[in-house]
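Fold and geometry: a report
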Amino acid sequence: MTDYTVVVNAGSSSLKFSVYRKAAADSWALEARGQVEGIGTNPHFSAKDGGGARVGDAALDGNVNDARAALGFVADWLRGRYQGAHVCGVGHRVVHGGAQYSGPTIVTPEVLDNLRSLIPLAPLHQPYNLSAIEAVWERLPGVPQVVCFDTSFHRGQPAVAQLVPLPREIRDAGVQRYGFHGLSYEYIASALPSIAPEIAGGRVVVAHLGSGASLCALTNGRSTDSTFGFTALDGLCMGTRPGALDPGVLLYLLQSLGLSVKDVETMLYKKAGLIGISGISNDMRDLVTSGEPAARLAVDYFVYRAAKEVGAMAAALGGIDGLVFTAGIGENSPEIRARICAASAWLGIELDHEANRQRGPRVSTRASKVSAWVIPTNEELMIARHTAALLGLGGDTPAPAATRAGA
Ligand code: ADP
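Counting from 1, residues in each chain are numbered in the order their sequence is written. Local features in this predicted model are restricted to residues whose pLDDT is 70 or higher, and side-chain atom pairs enter the listing and the counts only when it is 80 or higher, whereas totals over whole chains, interfaces and linings include all residues. Heavy atoms throughout the structure, all of them, feed into the side-chain values; hydrogens and water do not.

1. Things to note about the overall build of the chain
- Strands here are runs of E lasting at least two residues and helices are runs of H or I lasting at least four, both read from the DSSP assignment and numbered beginning at the N terminus. For the chain, the helix and strand inventory stands at 17 helices and 13 strands.
- Radius of gyration here is computed from C-alpha atoms only, and the compact-globule reference equals 2.2 Å multiplied by the residue count raised to the power 0.38. Relative to a compact globule of 407 residues, whose C-alpha radius of gyration would be 22 Å, the chain shows 21 Å and is just as compact.
- Seen through its principal axes, the chain has C-alpha atoms that stretch 60 × 55 × 50 Å.
- Split into buried and exposed, the 407 residues of the chain put 54% on the buried side. Only protein chains enter the area calculation, which uses a 1.4 Å probe; residues under 20% of their type maximum are buried, those over 50% are exposed, and those in between are partly exposed.

What follows is the structure in structure tokens.
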């Protein structure tokens, strides 16, 4: 009987999944990946096989209005497609592992309780992540589940990088810099030795530029600092989030402009960043092709902020050997890469324009003092590897960087 692991990434309005088949004693092959989007509004299911061919595409009825119902639909679809298959583990992406979970963990009722206590720290993500775990429990009782956290990779950062400079009692209540996008950075760190061996052991800044955007400073594959902090609002300008903001602005919004806490939360998570500046779109593709001055300003700010933070990460590392671009914008926009590299020329980055158009993987010239790269991220594979490793399922084990991060 063929063994499968399933990876689940449940968000507020989408549920993404991947199915990995144990192809040989030592590797897991992507069998299918898909998602239910528009949960709560216009739910829609789509899926592709491991080769990228579409194997599912359907509008769903309005009953699919939460993560649990979406998971129910996906489970039925998987059952129909892989009749009699043996699911040997389910891995979940969970945004917050707090200070306690510094690596992937097998789900028990106690672990789930601990993760529930972190809901106030990630109210827009954690509840959906956890309800998917509960739904799998109901549907596949007895199948072990593993939680992989976006925060774990950063737990080895120096104390100063994790500090929020507020009084002791506030810090004791869990207010610290956690950092996110950790599974993406861990994957990149694991890929560096084969793709960019000359910088893998050095000082590398990774730019995960997607709808959410952040930077991570790696020293020898370990996280040293990152631009995300206590929440995923800090740092770079994002599609709908502002990135770093003077906290005095929040006081002014609440005290002088009379906005409610809910209004401010909605503004910070959904109406700021690229959409807030441009008033046109949160999608970089729309903005780079728009002739509107407000769209140009949004792109200018995105690039300005990213380049400024590349400098800050280089300072945290005491120098920089390589810059890696990943995620939707980082992988697909030669223009944004070129602009960030041009603004970072003072660090010794010289872009190879032809390689940049071709998407690398190396996009800097041979003479460039600091090399630049494009490496597609693969958070799902990272989760599948962790799930297989933790459950002793065999298959490819995490690369050394990933093992260290979990320690
Ligand atoms: P997430 O997983 O955080 O939703 P992704 O990493 O998939 O985000 O990135 C999505 C974003 O990538 C889109 O919102 C879009 O702005 C951007 N993107 C995708 N392709 C391109 C492209 N060719 N040029 C510019 N931006 C792009």
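2. Description of the sheet that holds strand E1 (residues 3-10)
- Between any two strands, at least two bridges found by DSSP are needed for them to pair. As summarised here, the arrangement of the eight strands in space is E5-E4-E3-E2-E1-E6-E8-E7, forming an open sheet in which the pairing is mixed. Taken across any chain shown, the strands that pair with only one partner, and hence form the sheet edges, are strand E5 (54-59) and strand E7 (105-106).
- Sheet topology note: the E1/strand E2 (residues 15-24) ladder contains seven bridges and is antiparallel. In the strand pairing of E2, Asn9 is matched with Lys16.
- By the convention used here, residues are in contact when the closest approach between their heavy atoms is within 4.5 Å. Axes here mean lines fitted to C-alpha atoms, for a helix over just the part in contact, with angles spanning 0 to 180 degrees between N-to-C directions. Sheet strands touched by helix H16 (residues 379-390): E1, E2, strand E3 (27-37), strand E6 (86-94), E7 and strand E8 (145-149). Its angle to E6, the strand with the most contacts, is close to 125 degrees.

3. Some remarks on helix H6 (residues 182-195)
- The end-to-end C-alpha distance of H6, which contains 14 residues, comes to 19 Å, matching closely the 20 Å that a straight helix rising 1.5 Å per residue would cover.
- The buried fraction of H6 amounts to 11 of the 14 residues, a majority that puts the element mostly inside the structure.
- Listed in full, the buried residues belonging to H6 are Gly182, Leu183, Ser184, Tyr185, Glu186, Tyr187, Ile188, Ala189, Ser190, Ala191 and Leu192. An expected span of 1.5 Å times one less than the residue number is assigned to each helix.

4. Details of the sheet that holds strand E9 (residues 203-209)
- Read across the open sheet, the five strands follow the order E11-E10-E9-E12-E13; overall the sheet is mixed. Where the open sheet ends on each side, the last strands, each with one partner, are strand E11 (222-226) and strand E13 (371-374). Neighbour-to-neighbour, the strand axes of this sheet turn through a mean angle of 25 degrees, independent of strand direction.
- Looking at chain direction, E9 and strand E12 (residues 322-326) are connected through five bridges and run parallel. The residue of E12 that forms the bridge with Val205 is Leu323.

5. Things to note about the state of the cysteines
- Our working definition of a disulfide is a cysteine sulfur pair at a distance within 2.5 Å. Applying the stated criterion to the full structure yields zero disulfides.
- With no disulfide of its own, Cys148 has Cys88 as its nearest cysteine by sulfur position, at a separation of 14 Å.
- The exposure class of Cys148 is buried, given its relative accessible area of 1%.
- Lacking any disulfide linkage, Cys237 is separated from the closest cysteine sulfur, that of Cys341, by 18 Å.

6. So, the confidence of the model for the chain
- Each residue carries a pLDDT score, the predictor's own confidence in it, on a scale running from 0 to 100. Per-chain confidence: the chain averages 92 in pLDDT, with 96% of residues scoring 70 or above.
- Per-residue pLDDT stays below 50 along residues 397-407; that stretch engages in 23 contacts with residues further than four places along the chain or on separate chains.

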